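Structural description and commentary
Listed here are the chains, written in short residue letters.
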Amino acid sequence: LTAALTSGSCQVDEQTDPTSSPPGNHVPSPTYDVDPPAGGNHLGAGATSSGTYADAQVPDDGLLVHSLEHGYVVLWHQPGLDPGGLAQLVALQKASGKDVIVVERASLPVPVAATAWGHRLLCGAVEPAVLKRFVDERVGNGPEDVTRT
């Protein structure tokens, strides 16, 4: 899997912020050192639903990390990503059903990234086949098995 995910501009890592044992990992004001976050303490209510978010509509990191705990995958992109690349991310989100979130992130250190609970894929460009493989392998694999919406 790692070889397939890193054959192009993408790199895999498993950096994540510390997480307390449940239910202690639900905290009122979580902060994250890892950008983009791929786990850690998070808000206790209001996991983010599947969709595409930009500008003022971008959910709080604590809500996105809560979604990761529920088995979602988040596809992150820098603002100003070319329209064709953004369209490819949105198409992947729509094709994946209700399990993928697309989020704009100004602080993203690479143009595109994907996160699942405990896993990150950092990419120098939109690579649809690699991102799809990451989604296919990681979606539904959060530590809290819940019905995703």
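The structure under discussion appears in the preceding block.
A brief report on the enclosed structure follows. Only a predicted model underlies this, so the values are computations on that prediction, with no experimental measurement involved. (Residues numbered from 1 in each chain as written. Predicted model: local features only at pLDDT ≥ 70, side-chain atom pairs only at ≥ 80, totals over all residues. Heavy atoms only, no water.)

1. So, helix α2 (residues 61-69)
By the criterion of burial, α2 is predominantly enclosed, with 8 of the 9 residues buried. Within α2 the residues assigned to the buried category are Asp61, Gly62, Leu64, Val65, His66, Ser67, Leu68 and Glu69. For α2, the secondary structure elements touched by its buried residues are β3 (73-77), β4 (100-104) and β5 (112-116). Between the side-chain oxygen at the start of α2 and the backbone nitrogen of Gly62 there is a gap of 2.7 Å, and the oxygen is on Asp60. Phi turns positive one or two residues past the end of α2, at Gly71, with a value near 100°. (Buried < 20%, exposed > 50% of the residue type's maximum accessible area, 1.4 Å probe, protein only. Helix = DSSP H or I, 4+ residues; strand = E, 2+ residues; numbered from the N terminus. Contact = heavy atoms within 4.5 Å. Polar contact = N/O pair within 3.5 Å; in protein donor to acceptor, adjacent residues only side chain to side chain.)

2. Comments concerning unusual backbone geometry
Cis geometry is found at the peptide bond from Asp35 to Pro36, where omega equals 0°. Here Pro36 shows up in the loop between β1 (10-13) and β2 (51-53). Backbone geometry at Asp55 places phi at a positive 55°, although glycine is not the residue there. Inspection of the secondary structure assignment puts Asp55 in the loop between β2 and α2.

3. What about helix α3 (residues 83-95)?
Helix length check: α3, at 13 residues, gives a terminal C-alpha distance of 18 Å against a target of 18 Å (1.5 Å per residue), a fit within 8%. All of the buried residues along α3 are Gly85, Leu89, Val90, Leu92 and Gln93. Within α3, the buried residues cover an arc of 155° as seen down the axis, which keeps them to one side. Of the exposed residues in α3, the ones pointing more than 90 degrees away from its buried face are Pro83, Lys94 and Ala95. The secondary structure elements touched by the buried residues of α3 are β2, β3, β4, β5 and α4 (128-138). Looking at where α3 begins, the residue whose side-chain oxygen comes 3.1 Å from the main-chain nitrogen of Gly84 is Asp82. (Expected span 1.5 Å × (residues − 1). Arc of directions from axis to C-beta.)

4. Let's talk about the pattern of salt bridges
All told, the structure shown has 5 salt bridges when counted by the stated rule. Taking the shortest distance from any N to any O, the salt bridge between Asp35 and Arg105 comes out at 2.4 Å. Linking Asp35 in the loop between β1 and β2 with Arg105 in the loop between β4 and β5, this pair joins segments that are 70 residues apart in sequence. Residues Arg105 and Asp61 are paired through a salt bridge, measuring 2.8 Å at the closest nitrogen-oxygen approach. Of this pair, Arg105 sits in the loop between β4 and β5 while Asp61 sits in helix α2, placing them 44 residues apart in sequence. Exposure class is identical for Arg105 and Asp61. Each is buried. Residues joined by salt bridges that share partners form a network here, namely Asp35, Asp61 and Arg105. (Salt bridge = Lys/Arg side-chain N within 4 Å of Asp/Glu carboxyl O.)

5. A word on the pairing of β5
Within β5, 5 of the 5 residues are buried, which leaves it mostly tucked inside the rest of the structure. Residues of β5 alternate between two faces, with Val112, Ala114 and Ala116 on one and Ala113 and Thr115 on the opposite face, all of them buried. Where β5 lies against strand β6 (residues 119-123), 5 bridges are found, and the strand directions are antiparallel. Within β6, the position partnered with Ala114 by the bridge is Leu121. Counting the residues between successive antiparallel strands, the hairpin from β5 to β6 contains 2 residues, one of them, Gly118, with a positive phi of roughly 80°. (Pairing = 2+ DSSP bridges.)

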